[in-house]
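The residues making up each chain are set out below.
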Amino acid sequence: MRSLRVLILEAQVPFVHGGAEILVRELTSALIARGHDAQVVSVPFRDYPKDELFAGAEAWRLLDVTKAAGHDVDLVIATKFPTYFARHPRKVLWLVHQHRAAYELCGTRFSDFAHSERDVALRRRLIETDTRMLRECVGHFTIAKTVSDRLLKYNTIESEALYNPPKLAGRLRSGPYGDYLLTVTRLEHVKRVDLAIDAFEKVASPVRLVIAGDGSARQALSEYIDRRGLRDRVTMLGRVDDNQLIELYSKCLAVLFAPYQEDYGYVTLESFLSRKPVITALDSGGTLEFVTDGVTGYVCDPTPDALSAAIDRLGADRALAAELGSRGYEVAQDISWDHVVERLVGASQAAETVGASA
Amino acid sequence: MRNLPPLEAGGSEVSPTRAQESGVRRRILVAEARVPFARDGAELHAHALVAELRRRGHDAESVALPFHAHKSELLDQACAWRMLDLSSSNGRPIDLLIATRFPTWFARHPRKVAWVVHQHRPAYELFGTEYSDFTGSGDDGRLRQQIIDLDSRMLGECARIVTNAQNTANRLKRFNGIAARPLYHPPPIAERLREGAYGDYVLVVARLEPLKRVELVIRAMAHVPAPLRLIVVGEGSRRAALEREAAQSGAGDRIEFTGAVWGDAVAELYADALAVVYAPFDEDYGYVTLEAFLAAKPVITATDSGGPLEFVVDGTTGFVGDPDAGAIAVAINRLAADRSLAERLGRAGRSVAQRIGWDGVIEELVG
């Protein structure tokens with residue numbers, strides 16, 4: 001295969017580091033490891049006030065990413081809104097998400113788009129413009145089936161879901177099935193950590209909840225735990241480093257991860273690679289692509305009662321936790337970077353061939 | 001070409017102590033214009049600045065939009081920067097934005113500080129030379145004037161303006177009427193450099209681009225007797241042409257091109273060189289001068305080389321001659337004939353370079 005110059009396009013939210021940033025860096029390394037020359041291009045992104053959305057999109061449209069240092073760029077890979085506004089004849093989409101507040105989050109408490117005439121018009125304009133920009137791409141891929149479903153529903157574009165292994169794959173290990181459930185997440189409202197805390201009011205077995213991660217809702221959640229009188233059952237660790245995280249995964253009983261409509265979520269795969277089952281919710285989105293109820297974890301109603309029942313089942317039967325976790329491990333092992341790179345690069349080369357023969 | 005190592009989130013590689021003790025931990029963005037797949041001094045500058053801010057306990061991150069130097073793209077790129085409101089991120093304020101080069105100072109932020117590395121040089125001091133793509137046409141003239149005027153306005157928004165070197169400050173005064181003083185900072189590999197033997201080669205470290213005038217050194221080698229060799233470190237668009245020139249110079253068997261070399265490997269090459277030749281045209285600042293000095297090597301430079309002249313004193317820390325091959329050969333031959341002279345000049349240079357540190361720089365930018 002010819003070595004390509006590839007730019008991976010990233011929307012940077014300064015001082016915020018989550019799954020999407022890791023994804024972009026991992027993809028870059030995966031391309032380099034396979035002989036390509038790959039680099040990240042980041043443009044800062046701000047989604048408030050809502051008018052800034054178009055300013056950020058226009059910035060991408062103004063930049064020329066077709067040439068760099070005197071050479072042609074062979075391929076650009078767009079990831080999330082508004083990176084797909086960039087201009088390039090071989091723009092391939094690997095969609096992380098659109099601007100979610102204007103898409104599937106609209107109408108929920110997680111969106112700042114109201115039912116005002118202005119917001120409805122802005123939302124329509126945004127989706128229409130997105131569709132135009134997305135159609136420019138010569139290949140359409142997403143990071144998960146949930147994201148492909150949305151792309152079809154809102155932008156009427158067919159796509160293929162391409163999963164990638166989490167960053168810690170290869171380092172995660174399994175240990176004893178201990179006395180705590182683990183939640184690993186940025187502390188934002190959409191991750192619904194409050195639901196996990198509520199569940200612990202009802203948990204009968206002697207297990208605790210350990211929450212790793214930081215975010216804008218940290219203070220509020222900490223106060224919430226105090227108000228509920230759960231300080232001795234629920235521990236917030238803040239941000240932890242990779243080694244600590246690997247250790248936390250290895251010794252937990254199971255992972256509790258019930259966000260609202262998550263796109264993908266590395267947590268599920270990290271958990272499986274540590275041979276731990278995952279307790280999640282029916283409306284958690286991406287986690288459901290891997291978690292099968294009663295097979296690799298539990299898929300519950302998004303209520304404290306349902307979650308606590310699942311927690312108690314595992315709390316009472318550690319052999320069951322080990323069994324579900326081991327099946328999860330088999331699922332997670334099949335996901336590789338080779339396939340991701342092959343598909344993304346392949347799509348651009350197919351476009352090149354079509355262009356040449358036209 | 002290698003990628004820069006990724007900057008880890010939150011600066012976990014260093015212990016953020018000092019700023020916390022004095023209670024002034026700030027959220028700071030360093031704005032850079034980056035040419036994808038190229039690596040140059042300006043990028044290293046921004047990278048080092050972020051690392052130094054983190055080392056002092058600040059929450060620092062870089063913002064880098066891709067930059068394309070062709071004149072047809074300049075205003076679009078400036079406009080893209082202007083689109084960005086960097087006053088806050090994810091609902092939390094950003095305390096300070098440090099702009100570094102064109103067009104980063106076009107970004108919107110209530111507290112912008114410019115540490116000017118250079119402006120868009122082809123529109124400024126390079127205009128009228130062979131190094132600029134701006135011609136004498138009316139269109140180019142208007143574009144050039146527009147860039148200078150816009151720069152003056154955008155820089156005018158800054159709460160403070162400093163430069164990387166006196167040479168850069170002089171240009172800012174001359175073209176934009178803006179007074180600024182230089183803030184010198186150590187080169188990125190400062191900690192790795194050491195003094196070794198004064199060996200049988202002179203060293204050139206430069207991107208192989210026209211402005212760096214590496215051909216002058218290659219031609220000089222025809223006038224430098226064996227066994228003295230020339231090692232050229234760097235990569236760039238002129239590499240093939242320079243290699244051809246070396247092959248035809250009559251000294252081709254004594255000229256070696258290593259390609260790009262970074263970190264410890266280049267520090268090793270500095271360590272055992274007899275001297276470093278660095279004679280670019282009107283350089284802004286130039287890390288090479290200080291890198292050579294920190295390895296206790298004299299620097300041979302030219303009277304029109306710009307930044308290096310702020311450090312190289314003829315006969316004291318190196319030699320300053322005409323920008324031609326003959327003058328460079330004379331200087332090399334003097335040092336080859338007297339290694340103790342090379343050692344004396346190099347060590348004098350080292351004491352100059354060792355006075356340059358990061359503490360004052362960060363204080364000036366953040367304080």
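Residues numbered from 1 in each chain as written. Chains lettered and ligands numbered in written order. Predicted model: local features only at pLDDT ≥ 70, side-chain atom pairs only at ≥ 80, totals over all residues.

(A) Up close: the interface of chain B and chain A. Each side of the interface is counted separately: chain B has 31 residues, and chain A has 32 residues. No other element matches strand S2 (residues 59-66) of chain B, which puts 6 residues into the side of chain B that touches chain A. Its residues assigned to classes, the side of chain B that touches chain A comprises 17 nonpolar, 8 polar and 6 charged. (Contact = placed C-beta atoms within 7 Å. Helix = DSSP H or I, 4+ residues; strand = E, 2+ residues; numbered from the N terminus. Nonpolar A, V, L, I, M, F, W, Y, C, P; charged D, E, K, R; others polar.)

(B) Layout of the domain arrangement of chain B. Residues and elements named next belong to chain B. Under the domain assignment used here, chain B contains domain 1 (9-183) and domain 2 (190-353). On a C-alpha basis, the centroid separation for the pair domain 1 and domain 2 is 29 Å. Domain 1 puts 11 residues into the contact, and the matching count from domain 2 is 11 residues. Looking at the side of domain 1 that touches domain 2, the elements with two or more residues in it are strand S6 (112-118) and helix H5 (166-176). Broken down by element, the residue count for the side of domain 1 that touches domain 2 peaks at 3 residues, all from H5. Considered class by class, the residues forming the side of domain 1 that touches domain 2 number 3 nonpolar, 6 polar and 2 charged. (Domains from an automatic or database assignment.)

(C) Just the pairing of strand S10 (residues 229-233) of chain B, in detail. Residues and elements named next belong to chain B. Here 5 bridges tie strand S9 (residues 201-205) to S10, and the two strands are oriented parallel to one another. Bridging from a neighbouring strand, Val204 pairs with Val232 of S10. The parallel pair S9 and S10 is bridged by helix H6 (residues 214-220), and the resulting crossover is right-handed. When S10 meets strand S11 (residues 255-259), the two strands line up parallel, connected through 4 bridges. Residue pairing for S11: Ile231 is matched across the bridge by Glu256. Following the chain from S10 across helix H7 (residues 239-248) to the adjacent parallel S11, one finds a crossover that is right-handed. (Pairing = 2+ DSSP bridges. Right-handed = clockwise from strand over helix to strand, strands pointing away.)

(D) Main features of the sheet that holds strand S12 (residues 275-277) of chain B. Residues and elements named next belong to chain B. Taking strand neighbours across the sheet as the criterion, the 6 strands line up as S11-S10-S9-S12-S13-S14 in an open arrangement whose pairing is parallel. Lying at the two open borders of the sheet, with one neighbouring strand each, are S11 and strand S14 (318-321). Going from strand to strand, the sheet's axes swing by 25° on average, the running direction of each strand aside. (Axes fitted to C-alpha atoms, helices over the stretch in contact; angles between N-to-C directions.)

(E) Fine view of the domain arrangement of chain A. Residue and element names in this part refer to chain A. Each assigned domain of chain A is listed with its residue range as follows: domain 1 (5-164 + 336-352) and domain 2 (180-333). Placing a centre on the C-alpha atoms of domain 1 and another on those of domain 2 gives a separation of 29 Å. Taken together, the contacts link 11 residues of domain 1 with 11 residues of domain 2. Tallying contributions element by element places helix H4 (residues 145-155) first for the side of domain 1 that touches domain 2, with 3 residues.

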